[in-house]
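Below, each chain spelled out in residue letters.
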Amino acid sequence: MIVSSIGFSCKKEAILHPVEKVPTFLVESFRQSGMSDQEVIQAACDSVPENSILLFDNKTYNIDHTIFVYKSLKFNGPATFRREDQVDYQLTEPAGEDSRQLVLNTTEGLKVRDYFLLTNGQKDYKNTTSMNLITAINGNMVTTFYPIGKFVNGSADYMAGTHFLKDVKFFWVTDRNPGIFPTQTCSFVNLTFDGNRYHNQGSYSWLLHYGILAASKGKTIIDSCTFMNNPAENVLGHNLYISNSSFRNLNGSAIHTSIDRLYVAENEIHSEFINNHFENTNEILSTIGGHSEGCITHSNSGGYYTAKNNTFINVGEAIIGLLYPSVSQNDWGTSEIAFTNNIINTSGRMVYSFGILPGKLENVRIVNNEVFKLNPWDWTNALNYYPDVELENLVNQ
């Protein structure tokens, strides 16, 4: 549309672009008789066009399988997602590390594309070394994508009675083709994620039961959300923009920054954590969970973020995870961290530790925070080794 206006000495033309309506859908409109809450949400995600808004009813949704998000979508509440009570699946026949077919006591409640871990009954991270995937179900037998491999401790003693733990993430932002790195942008606004940790205690492994997994080239926006009672880690990924949200009563980290260097340039990574409240996180030690060293913890390319105007109260062993340079072809390291203007009141350390290794660790600024309580760990040797790291490590209030 062109609107013309004539002045005393000149003619102006203004081009007005029509405002596009964002397609908006009620999640409940996809519900059919007999569908579970997860099936309703998955149907909505799969059916609506790219960049749609999905509106949830103000109710509690029971989530019994991971919801896969294959396109850019906006999820708006108010609503609560609650993870189902864990089902005690067990092997009824022994298996070996090369096995890809497992016989269980039941397969009720399992689906093709459910992920799982096997554990020998220990609740720590020393279960199978990585997640596996169900590709077929025939009676009480499941077929897996990979051979089941070994436990973390190197054993492969899969006797009858070995526990089979289904993984239930609330949302996984990914591509439908596992070989393609995700690029979509998603947002989650005014939602509550209840991890139901007291009924999901088969394992404290950091690999199980993320709240949101979103390692994408696109942004993942989380605003005005609540994460509580999760049995492991909560938000894992990078290019995260998390604001005005609450993380409380968590076994593992609130945020785990991670993205694979093979798929992103260094200048394509940045997250922001602004005006959030973290309290009673990391309640399971990292030696039990296998990760979650900090309330904000790191793995591949775990730096590259800004955290400001947040409050950290009683957040376990450390506020910030391990600081280290790049250690593999998958990792840009933990440079480029700005951690300022936060309120600190915890008996743990400011950072979990340093990896004293050759390589780049620079432009890390952990300064100008209000520190009411903190373990004043002596990092003199590490700071001498990494002169471009500034670390405020003493109570100043």
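## Considerations on unusual backbone geometry
Part 1 of the argument: Here the bond from G77 into P78 is cis, since omega is 15°, no more than 30 degrees from zero.
Part 2 of the argument: The topology assignment puts P78 in strand β7 (residues 73-83).
Part 3 of the argument: The backbone of N244 sits at a positive phi, close to 55°, despite the residue not being glycine.
Part 4 of the argument: Non-glycine residue N282 carries a positive phi angle of around 55°.

## Things to note about the packing of aromatic side chains
Part 1 of the argument: One pass over the structure, following the stated rule, counts 31 aromatic pairs.
Part 2 of the argument: Consider the rings of F56 and F81, whose centres lie 5.1 Å apart with planes at 80°: the pair is edge-to-face. You can see F56 sitting in the loop between β4 (52-55) and β5 (60-63) and its partner F81 sitting in strand β7, a full 25 residues away along the chain.
Part 3 of the argument: For F56, a relative accessible area of 6% translates into the label buried.
Part 4 of the argument: Since its relative accessible area comes to 0%, F81 is described here as buried.
Part 5 of the argument: With a centroid separation of 4.7 Å and an interplanar angle of 5°, the aromatic rings of F278 and F312 are classed as stacked. Of this pair, F278 sits in strand β22 (residues 277-279) while F312 sits in strand β25 (residues 311-313), and the two are 34 residues apart along the sequence.
Part 6 of the argument: The ring of Y61 is capped by K59, whose NZ or CZ atom sits 4.9 Å from the centre of that ring.
Part 7 of the argument: When the ring centre of Y241 is taken as reference, the NZ or CZ atom of K219 above it lies at 4.8 Å.

## A few points about the confidence of the model for the chain
Fine structural detail should not be taken from predicted coordinates in areas where pLDDT scores are low.
Part 1 of the argument: Averaged over the chain, the pLDDT score is 92; the fraction of residues at 70 or greater is 95%.
Part 2 of the argument: Per-residue pLDDT stays below 50 along residues 1-12; that stretch engages in 13 contacts with residues further than four places along the chain or on separate chains.

Scoring rules and cut-offs
Residues numbered from 1 in each chain as written. Predicted model: local features only at pLDDT ≥ 70, side-chain atom pairs only at ≥ 80, totals over all residues. Heavy atoms only, no water. Helix = DSSP H or I, 4+ residues; strand = E, 2+ residues; numbered from the N terminus. Phe/Tyr/Trp six-rings, centres within 6.5 Å; stacked < 30°, edge-to-face > 60°. Buried < 20%, exposed > 50% of the residue type's maximum accessible area, 1.4 Å probe, protein only. Lys NZ or Arg CZ within 6 Å of the ring centre and 35° of its normal. pLDDT = per-residue confidence, 0-100. Contact = heavy atoms within 4.5 Å.

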